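As a plain string of letters, each chain reads:
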Amino acid sequence: MFAIYNNNGLSFRSTVDNLYTLSTVDSIARIRNNVEEGLPKNHTSTKNKNRLYNESSIDEATEVYKSIANIDTKVEIYHIKDLMTNDVLTLTTNNTLQEAYDLMVENDIRQIPIIDDTTNIVIAMINERDILNYILGDLEFANSTLRKTLGTFDLKEVITADPITDIRRVAKVMVDFSLTAIPIVDQNDKLLGIVSRANILKAVSNTPPLQIWG
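Residues numbered from 1 in each chain as written. Predicted model: local features only at pLDDT ≥ 70, side-chain atom pairs only at ≥ 80, totals over all residues. Heavy atoms only, no water.

Naming follows an unreviewed UniProt entry, where the protein appears as CBS domain-containing protein of Halarcobacter ebronensis.

Spelled out as structure tokens, the structure:
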């Protein structure tokens, strides 16, 4: 389950399929893979698509892989809640652009969720590139721009995910929409955590892929 928030609060909550049909997210850069979800792209020549294997051989190979990789099927990771960072630094619309930049530098992070100061609901994300673009947009008055509160800027809407969301779906949305991180929000709009590309890469590098992807 995915949701979209903006300055007016929740504007969308539905499945990943409906997320891709929204015209309102056109402003978010999308790089479509055109690959069926969960499956690798087929590079086989159209002249030679004879199946060289059967279902039993796939199952056998999977079991051999699990045995070699020492996969404990009792602790499989399926949901994004298993990877997310729970302690999330946030900003409010009353924080200045300078404060946003300083918080990123101090904590060595690249993006921070912005929370509405009255509803405590996530309404946007800001990253280093956004800050640079705001400054370059009015370079002559850069110092003045840095003193402005985040609520005075035209903040982009943010895509969020439900904690019980398949890791593959979240990873695909991040790639297709060129996202470096996704806030994790529950059904009551409460911010629970955040998942970055680094979280997913770390999990992949430390856990056998079949255990992560199921």
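## Looking at the nonpolar core
Test applied: We define a nonpolar core as any set of buried Ala, Val, Leu, Ile, Met, Phe, Trp, Tyr and Cys residues linked to one another through side-chain atoms lying within 4.5 Å. Each residue gets one of three labels from its accessible area relative to the maximum for its type: buried under 20%, exposed over 50%, partly exposed in between, using a 1.4 Å probe on protein chains only. A run of H or I in DSSP counts as a helix once it spans at least four residues, and a run of E counts as a strand once it spans at least two, with each numbered from the N terminus.
One finds Phe-2, Leu-19, Ile-159, Val-173 and Ile-182 to be the most contacted residues of the largest nonpolar core, which totals 24 residues. The element best represented in this core is helix H6 (residues 167–176), accounting for five residues.

## So, the sheet that holds strand S3 (residues 91–92)
The line we're drawing: Paired strands, as defined in this entry, are two strands with at least two bridges between them according to DSSP. Here, two residues are considered to be in contact whenever any of their heavy atoms come within 4.5 Å of each other. The convention used is that axes are lines fitted to C-alpha atoms, helices contributing only their stretch in contact, and that angles between N-to-C directions extend from 0 to 180 degrees.
Ordered by their spatial adjacency, three strands build an open sheet running S3-S4-S5, and the pairing between neighbours is mixed. This sheet does not close on itself; its edge strands, each paired only once, are S3 and strand S5 (122–127). Running at roughly 135 degrees to strand S4 (residues 111–115), helix H3 (residues 97–107) makes contact with S3, S4 and S5 of the sheet.

## Description of the packing of aromatic side chains
Our working rule: Between rings of Phe, Tyr and Trp, where Trp is taken as its six-membered ring, a pair exists when centres lie within 6.5 Å; planes separated by under 30 degrees are stacked, by over 60 edge-to-face, and by other angles tilted.
A full pass over the atoms with the stated rule returns two aromatic pairs. Seen in terms of ring centroids, Tyr-20 and Phe-177 are 5.4 Å apart; in terms of plane orientation they differ by 40 degrees. Their pairing is tilted. Of this pair, Tyr-20 sits in the loop between helix H1 (16–19) and helix H2 (55–69) while Phe-177 is found in the loop between H6 and strand S7 (181–185), placing the two residues 157 residues apart along the sequence. An identical accessibility class is assigned to Tyr-20 and Phe-177; each is buried.

## A closer look at H6
We apply this condition: The definition of a polar contact used here is a pair of N or O atoms within 3.5 Å, where within protein one atom must be able to donate a hydrogen and the other to accept one, and adjacent residues in sequence count solely through side-chain atom pairs.
Along H6, seven of the 10 residues are buried, which leaves the element largely enclosed by surrounding structure. Of all the residues in H6, the buried ones are Ile-167, Val-170, Ala-171, Lys-172, Val-173, Met-174 and Asp-176. Where H6 begins, the side chain of Asp-166 points an oxygen toward the backbone nitrogen of Arg-168, at a separation of 2.6 Å. In the segment just after H6, Ser-178 is the residue with positive phi, at about 55 degrees.

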